[in-house]
Every structure is written in C-alpha cells, then in structure tokens.
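Chains, contacts and geometry: an overview
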Amino acid sequence: MAARRELTFLLAEPERRLLRAIAARLPPWMTSDGLTVLGMVGALGTGVAYALSTLSAAWLWAASALLVVNWFGDSLDGTLARVRRAERPRYGYYLDHVVDAFSTAAIGAGIGLSPYVDLGVALAGVLAYLILSINIYLESQAFGVFRLGYSRIGPTEARIVLVAGNIALALSGPGATVAPVATGAAAALVVGMFVMVAVRIGRNLSQLARLEPPPPPPPPPPPPPSVYRRTAFTAASASTYPAPTSHSP
C-alpha cells in the first residue's frame with residue numbers, strides 16, 4: 001500500500017503549484033527519468049563547483065546555479081509523472097531515494113573539499129542528512145505517511161540555505177575568519193539536524209509503543225506435582241504391613 005504524502009515544510013504549497021504549472025508545459029519528449037538524470041547531474045556539478053572554489057570564489061555562483069538545476073530535476077520528476085498519470089510508485093520511490101543519497105554525498109563531499117568548511121564537518125552533515133532521510137523512509141512504512149521534511153524545513157529550504165551561504169561567502173571575499181565562521185555555522189547546522197532526528201525518533205517510538213503495547217507477562221508456571229519419596233519409615237511400614245494377597249477359592 002502506497003504511503004500518503006504529507007508535505008508540511010514552509011514552501012510546500014507554493015512549490016507544489018509551481019511544479020504542476022511547469023510540468024503541464026513541458027514538451028512530450030521530456031520524461032521523469034530524464035528529469036531524474038538532470039537532477040543528478042546538477043548535484044554532481046554542484047559538488048565539483050564547490051571543490052573548484054579553492055581556485056576562485058566565483059565557482060560558488062556556479063554551485064548556486066547548479067543547485068537550481070538539481071532542484072528542477074529532483075523536484076519535478078515525480079510531479080511530471082503524476083500530471084501525465086504515468087506513475088510507477090515502487091520504481092519511482094526506489095530510484096528517487098537512491099539518487100537522493102548519491103546527490104547528498106556528492107554535494108556534501110564538494111562542500112568539504114572547498115576552502116570554507118572542514119571536511120569532517122561536511123561529512124558529518126552528509127551522515128546527518130542521510131539519517132534524517134532514512135527515518136522518513138521508515139516512517140512511511142511504520143505509519144503509512146510519507147512526511148517529506150522536518151517541521152517547516154524540507155529539501156527546498158535546505159537548498160535555499162546553501163544558496164544563501166554561497167552568496168554570503170562569494171561577497172565576503174578572502175579573509176582569515178571566513179573559513180572558521182563558515183565551519184562553525186555548518187557545525188551548528190549539523191548539530192541541529194542530529195537534534196531534530198533524535199526528537200523525531202523519540203516521538204515515533206512513543207507513538208508506536210502506544211499503538212503496539214508490549215504483551216502482558218506470561219502467567220507463572222504451575223507448581224510441580226508432589227512426588228512420593230521412599231524413606232526409611234515408609235520402607236519399615238511396608239515390611240511390617242505387607243500388602244494383602246489374593247487366594248484362589
């Protein structure tokens with residue numbers, strides 16, 4: 001049974017209307033799989049642009065543009081299938097989330113290879129994002145609801161944060177404090193992501209415990225049956241009072 005989609009993040013409703021309007025105007029040769037590939041290319045390009053920002057901060061503008069390409073392909077592939085009534089739920093679910101995992105790794109690795117954010121912090125961000133995503137996938141199976149996002153923050157808002165950071169870094173110019181500030185801000189975001197997923201996991205476990213309470217403890221075992229034990233007294237009694245014998249008439 002397909003999980004019900006529940007979009008609660010800040011830009012969910014205006015984004016949904018925009019994507020449906022775009023999907024209705026795409027040419028017939030544009031397919032959902034093609035958009036998925038486009039989104040993956042945008043993610044790989046974003047990672048490369050971040051890594052090349054070691055040569056020039058101008059590559060941060062390219063990274064921002066490629067994040068838009070990634071949003072276009074990643075957000076529009078499923079919408080196009082729904083608009084054209086050409087959905088393949090299991091195929092699309094599997095492909096979309098596999099591509100999302102590789103895209104997250106590519107972007108995070110690129111950020112870590114840039115001169116602005118420590119590689120360890122960037123990889124911790126990748127780990128946190130993947131844990132957030134895995135929890136969403138598990139929720140869709142446990143509760144039958146696919147909640148794409150955490151509270152008011154979803155993938156689109158995450159891209160906007162990255163673009164805003166790129167613009168700030170590109171305009172700030174080189175400086176001794178730029179990298180420590182950027183790494184500190186990234187570390188704070190990573191900690192916030194881990195806190196969010198920990199709170200959500202705790203809430204999910206509490207709800208599941210109410211839906212499926214533990215079984216009552218089993219009843220205690222019955223007492224063992226009494227066993228006749230032959231003692232010296234019973235042996236003497238048996239010899240003093242022999243059992244009666246039968247006599248033939």
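Our structure's up above, just so we're on the same page.
Residues numbered from 1 in each chain as written. Predicted model: local features only at pLDDT ≥ 70, side-chain atom pairs only at ≥ 80, totals over all residues. Heavy atoms only, no water.

**Comments concerning helix α7 (residues 178-211)**
- Taking 1.5 Å as the rise per residue, α7 with 34 residues should run 50 Å; its terminal C-alpha atoms sit 49 Å apart, in good agreement.
- Buried residues of α7: V178, A182, T183, A186, V190, M193, V197, R200 and N204, and no others.
- In this fold, the buried residues of α7 make contact with α5 (119-143), β2 (145-147) and α6 (155-172). (Helix = DSSP H or I, 4+ residues; strand = E, 2+ residues; numbered from the N terminus. Expected span 1.5 Å × (residues − 1). Buried < 20%, exposed > 50% of the residue type's maximum accessible area, 1.4 Å probe, protein only. Contact = heavy atoms within 4.5 Å.)

**Some details on the pattern of salt bridges**
- Within the structure shown, the criterion is met by five salt bridges.
- Of the charged contacts in the structure, one is a salt bridge between R16 and E13, with a shortest N-O distance of 2.6 Å. Taken together, the positions of R16 and E13, both in helix α1 (residues 12-25) and three residues apart, correspond to about one turn of that helix.
- Judged by its relative accessible area of 36%, E13 falls in the partly exposed class.
- Where salt bridges share partners, they join E13, R16 and R17 into one cluster. (Salt bridge = Lys/Arg side-chain N within 4 Å of Asp/Glu carboxyl O.)

**Some points on the environment of R25**
- Relative to the elements of secondary structure, R25 occurs in helix α1.
- Residue class for R25 comes out exposed when judged on its relative accessible area of 67%.
- Between the C-alpha atom of R25 and that of L80, which follows or precedes it by 55 residues, the distance is 9.9 Å.

**Let's talk about unusual backbone geometry**
- The phi dihedral of R85 is positive, around 55°, even though this residue is not glycine.
- Looking at the secondary structure, you find R85 in the loop between α3 (59-83) and α4 (89-113).

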